[in-house]
Amino acid sequence: MLVIGIAGGSGCGKTTVVKAITQRLGNKKVVVIPQDCYYKDSSDLTDEEKRVHNFDHPDAIEWSLLCSQLKDLKEGKSVDQPIYSFISCSRSKTETTRVEPADVIIVEGILIFTCPELREQLDIKIFVDADDDDRLMRVIERDITERGKDVHWVIERYSRNVKPMYLQFIEPSKRYADIIIPQGGHNKVAVDVIAATIEKSLSR
């Protein structure tokens with residue numbers, strides 16, 4: 001079993017890298033653990049409070065649950081992963097996703113390298129780097145099409161939380177990475193090298 005962490009700022013192309021690696025591994029059993037599933041429930045907040053809530057700060061994540069469930073998966077146990085909605089800012093109280101152990105576990109999220117306990121559980125740490133303007137454009141497109149936000153809300157949030165938290169927490173966490181992928185998620189050469197490294201590690 002191999003546990004891979006993939007971090008980087010919002011809109012850098014982490015999901016693209018995850019998909020590319022998963023496709024390259026083909027017959028290997030891969031499971032993805034998104035940090036986004038472990039946001040603390042914020043359904044008790046008013047709409048205005050949700051608008052200003054900082055979802056890009058490490059305190060927004062329930063790290064103890066993420067680390068515990070990853071530990072269980074590494075020990076061959078199944079886990080019930082939370083389901084979180086970015087539209088309602090709430091975690092489902094009635095449903096979870098059953099996740100089974102796999103040959104490769106990919107933990108993906110903007111803040112995963114900020115948690116020491118989680119870093120210790122990762123065999124390979126990858127940071128996806130991308131130009132700030134490219135990331136902003138992807139964040140605008142994603143939040144409007146997938147999360148039902150308007151462009152003013154996205155830009156306001158980016159200026160208030162996303163960019164400051166990237167500079168304070170995410171960008172500095174790059175120093176923990178074993179591999180840094182420049183040019184975002186479309187760096188095919190880097191993805192090919194990483195996939196080959198993973199295949200080699202699994203064949204030992």
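For the structure, see preceding data.
Residues numbered from 1 in each chain as written. Predicted model: local features only at pLDDT ≥ 70, side-chain atom pairs only at ≥ 80, totals over all residues. Heavy atoms only, no water.

Asks: With reference to specific residues and values, describe the packing of helix α1 (residues 14–25) against helix α7 (residues 188–202).
Replies: Contact geometry of α1 with α7 gives a least axis separation of 10 Å together with a crossing angle of 50 degrees. In terms of orientation, α1 lies oblique with respect to α7. In this structure, α1 meets α7 at a crossing whose hand is right-handed. Listed contacts from α7 to Val17, Ala20, Ile21, Arg24 and Leu25 of α1 are Val191, Asp192, Ile194, Ala195, Ala196, Ile198 and Glu199. Classifying every residue of the contact of α1 with α7 gives nine nonpolar, no polar and three charged. (Axes fitted to C-alpha atoms, helices over the stretch in contact; angles between N-to-C directions. Helix = DSSP H or I, 4+ residues; strand = E, 2+ residues; numbered from the N terminus. Parallel < 35°, antiparallel > 145°, perpendicular 65-115°, else oblique. Left-handed = near helix turned anticlockwise from the far one by under 90°. Contact = heavy atoms within 4.5 Å. Nonpolar A, V, L, I, M, F, W, Y, C, P; charged D, E, K, R; others polar.)

Asks: Tell me about the pattern of salt bridges, residues and numbers included.
Replies: Scanning the model with the defined rule gives 16 salt bridges in all. A salt bridge links Glu75 to Lys71; its shortest N-O distance comes to 2.9 Å. A residue is classified by how much of its surface remains accessible, and Lys71, at 46% relative accessible area, is partly exposed. One network of salt bridges, with partners in common, ties together Arg24, Lys188, Asp192 and Glu199. (Salt bridge = Lys/Arg side-chain N within 4 Å of Asp/Glu carboxyl O. Buried < 20%, exposed > 50% of the residue type's maximum accessible area, 1.4 Å probe, protein only.)

In short, geometric facts, not functional conclusions.
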